Amino acid sequence: QSVLTQPPSVSGAPGQRVTISCSGSSSNIGAPYDVHWYQQVPGTAPKVLIYDSTNRPSGVPDRFSGSKSGTAASLAITGLQAEDEADYYCQSYDRSLNSVIFGGGTQLTVL
Amino acid sequence: QLQLQESGSGLVKPSQTLSLTCAVSGGSMSGAHAWSWFRQRPGKGLEWIGQIYYSGSTYYNPSLKSRVTMSVDRSKNQFSLNLRSVTAADTAVFYCAREVAAAVNDWFDPWGQGTLVSVSS
């Protein structure tokens, strides 16, 4: 059971917008610690999409955006493309566990 | 550009020690960055194992601390992971990554490609 809760799966048609939630608590996201998001295409290593809750590294399309409020964060993907089909993970820090923590991951299917 | 590459034994017997190395190329390990290990059990999510600095300072995930040791080889620009007393539950893909210092809490980039370690007799 992951400390950060994500939906196991989401789906959307090409061109649509989807959001992936990441729910935490007062000892992590609400502490407040930032949330970082990673994309993992099956069989490959994770790649950072969003850091510090809302920032995109260079090279990441602006179709990807992040937000945070209270004890939760969200990743939004607009203009869905087939290449977006992957697993997405949120990451933060928990001061009670004294550890880096991840969500359980969300599998995105592009219909 | 910075690249990380994991290597080590792909098969370890139960109760033995899993040993992996992460070679860093395209840049030096020296500096303020920490260097971390992760694992991903088959079909599961990511788990942070711990971090090491160029100085040799370490911090481990409390849930694994009793079995983990990390070290750095400055002459080879690489760092290593030892996980003791392994069981089948330790079968996973292991990744190494550079920790990027952030204003509040760090993130990880780049990552190595990962290496599968199976624990079986």
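Sequence positions are assigned chain by chain, starting from 1 and proceeding in written order. Key to labels: chains lettered from A, ligands numbered from 1, both in the order written. Restriction of local features to residues with pLDDT of at least 70 applies here, the model being predicted, together with a cutoff of 80 or more for giving and counting side-chain atom pairs; totals for whole chains, interfaces and linings are based on all residues. In computing side-chain properties, one takes all heavy atoms of the structure into account and sets aside hydrogens as well as water.

### Some words on the pairing of strand β6 (residues 72–77) of chain A
Residues and elements named next belong to chain A.
Move 1: Note: strand β2 (residues 18–23) against β6, 6 bridges, orientation antiparallel. Following the sheet pairing, Ser 21 is matched in β6 by Ser 74.
Move 2: Linking strand β5 (residues 64–69) back to β6 in an antiparallel pair, the connection comprises 2 residues, with Gly 70 at a positive phi of about 60 degrees. In this description, strands pair whenever DSSP reports at least two bridges between them. Secondary structure is summarised from DSSP: a helix means a run of H or I of at least four residues, a strand means a run of E of at least two, and numbering begins at the N terminus for each.

### A closer look at the state of the cysteines
Move 1: In plain terms, two cysteine sulfur atoms within 2.5 Å form what is called a disulfide here. Tallying each qualifying case throughout the model produces 2 disulfides over all chains.
Move 2: Paired by a disulfide, A:Cys22 and A:Cys90 hold their sulfur atoms 2.1 Å apart. Between A:Cys22 and A:Cys90 the sulfur-sulfur dihedral comes to about 80 degrees; the bridge is accordingly right-handed. Remark: A:Cys90 occurs in strand β7 (residues 86–94) and A:Cys22 occurs in strand β2; sequence separation between them is 68 residues.
Move 3: You can call A:Cys22 buried: its relative accessible area is 0%.
Move 4: Each sulfur in the disulfide pair B:Cys22 and B:Cys96 lies 2.1 Å from the other. Every disulfide takes its handedness from the sign of the S-S torsion; for B:Cys22 and B:Cys96 that torsion is 65 degrees, giving right-handed. A simple rule labels every residue: compare its accessible area, found with a 1.4 Å probe on the protein chains alone, to the largest value its type can have, and call it buried under 20%, exposed over 50%, or partly exposed in between.

### With respect to the side chain of A:Gln91
Move 1: Checked against the element boundaries, A:Gln91 lands in strand β7.
Move 2: At 3.0 Å, the side chain of A:Gln91 forms a polar contact with the backbone oxygen of B:Asp106.
Move 3: The contact criterion used throughout is that any non-hydrogen atoms of two residues lie within 4.5 Å. If we skip the residues at most four places from it in the chain, A:Gln91 touches A:Leu4, A:Asp34, A:Val35, A:His36, A:Tyr38, A:Val100, A:Ile101, A:Phe102, B:Asn105, B:Asp106, B:Trp107 and B:Phe108. Polar contact criterion, stated in full: a pair of N or O atoms within 3.5 Å, where within protein one must be able to donate a hydrogen and the other to accept it, and residues adjacent in sequence count only if both atoms are side-chain atoms.

### Let's talk about the interface of chain B and chain A
Interface size, as often reported, equals the accessible area lost upon joining of the parts.
Move 1: In this assembly, 22 residues from chain B lie in contact with 22 residues from chain A.
Move 2: Interface area for chain B against chain A, summed over the two sides, is near 1600 Å², with a carbon-plus-sulfur share of 61%.
Move 3: Inspection of the chain B/chain A interface yields 11 residue pairs in polar contact (both at pLDDT 80 or more).
Move 4: Breaking the side of chain B that touches chain A down by element, the ones donating at least two residues are β4 (34–40), β5 (46–53) and β10 (107–111) of chain B.
Move 5: At 4 residues, the largest contribution of residues to the side of chain B that touches chain A is made by β10(B).
Move 6: Partitioned by chemical class, the residues of the side of chain B that touches chain A number 12 nonpolar, 6 polar and 4 charged. Throughout, buried area stands for the accessible area (probe radius 1.4 Å) lost by two parts on being put together, summed over both. Residues are grouped as follows: Ala, Val, Leu, Ile, Met, Phe, Trp, Tyr, Cys and Pro are nonpolar; Asp, Glu, Lys and Arg are charged; every other residue, Gly included, is polar.

### What about the pattern of salt bridges?
Residues and elements named next belong to chain B.
Move 1: Within this document, salt bridges are pairs made up of a side-chain nitrogen of Lys or Arg and a carboxyl oxygen of Asp or Glu, the two lying within 4 Å of each other. Enumeration over the complete set of coordinates arrives at 5 salt bridges over all chains.
Move 2: The salt bridge involving Glu 47 is made with Arg 39; its shortest N-O contact spans 2.7 Å.
Move 3: On the basis of relative accessible area, Arg 39 is assigned to the buried category, the value being 2%.
Move 4: Residues Asp 90 and Arg 67 are paired through a salt bridge, measuring 2.9 Å at the closest nitrogen-oxygen approach.

### Here we look at the sheet that holds strand β8 (residues 78–83) of chain B
Residues and elements named next belong to chain B.
Move 1: The 4 strands lie next to each other as β1-β3-β8-β7, forming an open sheet whose pairing is antiparallel. Edge positions in the open sheet fall to β1 (3–8) and β7 (68–73), since each of these has one partner strand only. In this sheet, neighbouring strand axes are inclined to one another by 20 degrees on average, regardless of whether the strands run parallel or antiparallel.
Move 2: Two elements, β1 and strand β3 (residues 18–25), share 6 bridges in a ladder whose sense is antiparallel. When the sheet's bridge partners are listed, Gln 3 is paired in β3 with Ser 25. Here an axis means a line fitted to C-alpha atoms, over the contact stretch when the element is a helix, while the angle between two N-to-C directions is reported on a 0 to 180 degree scale.

### Examining the packing of aromatic side chains
All names here are of chain B.
Move 1: The aromatic pairing rule takes the rings of Phe, Tyr and Trp, using the six-membered ring of Trp, and pairs them if the centres are within 6.5 Å, calling planes under 30 degrees apart stacked, those over 60 edge-to-face and the rest tilted. Enumeration according to the criterion identifies 12 aromatic pairs over all chains in this entry.
Move 2: Taken together, a centroid distance of 5.9 Å and an interplanar angle of 50 degrees make the contact between Trp 35 and Phe 79 tilted. Of this pair, Trp 35 sits in strand β4 while Phe 79 sits in strand β8, and the two are 44 residues apart along the sequence.
Move 3: By relative accessible area, Phe 79 is classed as buried at 0%.
Move 4: Centroid distance Tyr 95 to Trp 111: 5.9 Å. Interplanar angle 80 degrees. Geometry classified as edge-to-face. Pair noted here: Tyr 95 is in strand β9 (residues 92–100) and Trp 111 is in strand β10, with a separation of 16 residues, a long-range link. In terms of burial, Tyr 95 and Trp 111 fall into one category: buried.

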